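Coordinate analysis (summary)
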Amino acid sequence: MFKRTPGTKDILPEEALRWQAIEETTRAVFSLYNYREIRTPLIEEASLFNRSLGESAEIVQKQMFLIKKEDETFALRPEGTAGIVRAYIENNLDKTSGFIKVYYTGPMFRAERPQKGRLRQFHHIGCEAIGSEAPYLDAEVISLADNLLKAYGIRDYETKINSLGCAKDKKALTEGLRAKLEPKLDQLCADCKTRYNQNVLRVLDCKNEHCIEIVKKLEIGENYLCDECKGHFAKVKEGLDSLKVNYTVSPYLVRGLDYYTRTVFEFIHGALGSQNALGAGGRYDNLVSELGGPKAGAIGFAMGVERLLLVTNHKPQVTSKGLVYIISLGDEAKKAGAKLLYLLREAGVASDTDHEDRSLKGAMRRANDMAAKTVLIIGEDEIKKGVVTLKDMASGEQKEIKRENILEELKAYIKLTC
Ligand code: HAM
């Protein structure tokens, strides 16, 4: 028997309802902020990610699913930002739209060791605002993410922010850190020894206890930031205060992707265990020009849907009118039931019936499993009387309705109970 590959999930119909609820809320919140949807391919040239995320990024070094075809190498996208920036440039959106605000949902792929909250195929909900360096935009984007989490019914998360500064500041931070860490190099874990040479900033978010102790004593302030970046960060914080976003500034928040500059942020949830980030993002003011586009400031974030679902029971909005389930018993009734189903669906009423020849009791159980709000029963008695029995599943109340009036009465009834 075949099994799904490790680190992937089947989202079965019951769970898919929870996904739909998250997706519905996502679309509603993004449209409030005037974001429009973008869909980019699942495969891209592998070098797009090498250039964007950086050769030393863990994703590029260890986690890309690569596909070699003749002399080309493609990658299953490990994240959405690089592809969207590629699309922004390739489709000349800088010329036709200038500043854009886009959101996306969809699968991402990383060849990681699977564990709770860490999959090989997982899903992002994310957004990118491209074409502005304004600090108020950073505040708006972080507040949007904050409001999204609240709309999903998630509480008890922590919002951490930091500024990495411009490319020059990042370099100063990198050099300063190297100098401070050099005397302690032999006390760092094996991974951090490699990070020291390749991407020393990552030492700051190492999870090893010894490294955490060493890093705590380094006293990293905002000193590496130039005046302009300090001013930018101050305005971001002011903006967040005025939008009433709860946050803490963490100098240890650095993020693992090369493209980040200035503001970075992360949403942490205690119930998630070691993979504790619900989502994260930041500015990437140089990526558009580095990939061949114009100079355009940009910022965005992505949330991991599987992780959101671990900490919320966000319920599907009651589907507009609720399902109507028809139970018809006997040949004659089945014919009448099929006709009624046709009429209901034509009138835009979500409806279904039992296709398994169950008894009344069995079919009622099935209606209950399907979360039907209304059941219509057609048995021998009903056929004789020319009626249908309507049962309200919430109250248990039943009443008979004349067959010829069913559509109008049902529509009025559904409106009443919504
Ligand atoms: P990221 O931090 O790599 O950022 O991913 C964002 C979120 O995706 C994480 O916080 C986590 O919730 C989820 N995630 C990441 N890897 C996995 C995994 N293996 N299994 C399950 N969930 C996972 C980015 O990808 C950036 N593109 C975000 C961004 C957009 N920055 C600017 N714009």
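These numbers come from a predicted model, not from an experiment. Along every chain, residues carry numbers that run from 1 in the direction the sequence is written. In view of the model being predicted, local features appear only for residues whose pLDDT reaches at least 70, and side-chain atom pairs are presented and counted only at 80 or more, with totals across whole chains, interfaces and linings using the full set of residues. Hydrogen atoms and water are omitted, and side-chain values are computed over all heavy atoms in the structure.

1. Notes on the domain arrangement of the chain
Interface size, as often reported, equals the accessible area lost upon joining of the parts. Partitioning the chain into domains gives domain 1 (13-166 + 226-311) and domain 2 (324-413). Just the C-alpha atoms count here: the centres of domain 1 and domain 2 sit 47 Å apart. Boundaries between domains were set according to an automatic or database domain assignment.

2. With respect to the packing of aromatic side chains
For Phe, Tyr and Trp, rings pair up if their centres lie within 6.5 Å, where Trp contributes its six-membered ring, and each pair is then called stacked (planes under 30 degrees apart), edge-to-face (over 60) or tilted (otherwise). With the rule as written, the count across this model stands at eight aromatic pairs. Seen in terms of ring centroids, Phe265 and Phe301 are 6.5 Å apart; in terms of plane orientation they differ by 65 degrees. Their pairing is edge-to-face. Taken as a pair, Phe265 in strand S9 (residues 261-269) and Phe301 in strand S11 (residues 298-304) lie far apart in primary sequence, 36 residues in all. Burial here depends on accessible area, computed with a 1.4 Å probe over protein chains only, as a share of the maximum for the residue type. Under 20% is buried, over 50% is exposed, and the range in between is partly exposed. In this structure Phe265 comes out as buried when scored by relative accessible area, which is 0%. For Phe301, a relative accessible area of 2% corresponds to the buried category. An aromatic cluster of at least three residues, connected via ring pairs, comprises Phe30, Tyr35, Tyr103, Tyr157, Phe265, Phe267 and Phe301. Over the face of the ring belonging to Tyr196 we find Arg178, whose NZ or CZ atom lies 5.9 Å from the ring centre. Strands are runs of DSSP state E lasting at least two residues, helices are runs of H or I lasting at least four, and both sets are numbered from the N terminus onward. Charge-over-ring placement is defined geometrically: NZ (Lys) or CZ (Arg) within 6 Å of the ring centre, and within 35 degrees of the ring normal.

3. Some words on the site of the ligand
By convention in these notes, a residue is near a molecule or strand provided one of its non-hydrogen atoms lies within 4 Å of it. Residues in contact with the ligand amount to 26 residues; listed here are only the nearest, Glu79, Glu112, Leu119, His124 and Tyr260. Note that a nitrogen atom of the ligand is positioned 2.7 Å from one of the side-chain N or O atoms of Glu112. Contact between the ligand and Arg255: an oxygen atom at 2.8 Å from a side-chain N or O atom of the residue. At the level of secondary structure, the elements contributing two or more residues to the shell around the ligand comprise strand S6 (121-130), strand S10 (277-283) and S11. If you tally residues by element for the shell around the ligand, the top one is S10, at six residues. Just so you know the grouping, Ala, Val, Leu, Ile, Met, Phe, Trp, Tyr, Cys and Pro go in nonpolar, Asp, Glu, Lys and Arg go in charged, and all remaining residues, Gly too, go in polar. Here the shell around the ligand is built from residues that sort into eleven nonpolar, eight polar and seven charged. For the purposes of these results, a polar contact is taken to be a pair of N or O atoms within 3.5 Å, where, inside protein, one atom must be able to donate a hydrogen and its partner to accept one; residues adjacent in sequence count only when each atom of the pair is a side-chain atom.

4. Concerning the nonpolar core
With 55 residues, the main nonpolar core has Leu53, Ile130 and Leu181 as its most contacted residues. No other element matches the five residues that helix H4 (residues 81-90) contributes to this core. Each residue touching Leu181, except ones within four places of it in the same chain, is listed here: Leu188, Tyr196, Val200, Val203, Ile214 and Leu218. For this analysis, a nonpolar core means a set of buried residues of the types Ala, Val, Leu, Ile, Met, Phe, Trp, Tyr and Cys, connected via side-chain atoms within 4.5 Å. Residues are treated as being in contact if the distance between any of their heavy atoms lies within 4.5 Å.

5. Overview of the pairing of strand S14 (residues 372-378)
Put simply, side chains in a regular strand alternate between the two faces of the sheet. Here S14 lies mainly inside the structure; six of its seven residues are buried. Any two strands are treated as partners once DSSP identifies two or more bridges connecting them. Where strand S12 (residues 323-328) lies against S14, six bridges are found, and the strand directions are parallel. Across the sheet, the residue bridging to Leu323 is Ala372, located in S14.

6. Comments concerning helix H10 (residues 227-242)
For H10, spanning 16 residues, the distance from its first C-alpha to its last is 23 Å, which sits close to the expected 22 Å at 1.5 Å a residue. Contacts from the buried residues of H10 go to helix H6 (135-151), strand S7 (157-163), helix H7 (167-181), strand S8 (248-249), S9 and S10. Directly after H10, the chain includes Lys244, whose backbone phi takes a positive value near 60 degrees. Given a helix with a known number of residues, its expected span is that number minus one, times 1.5 Å.

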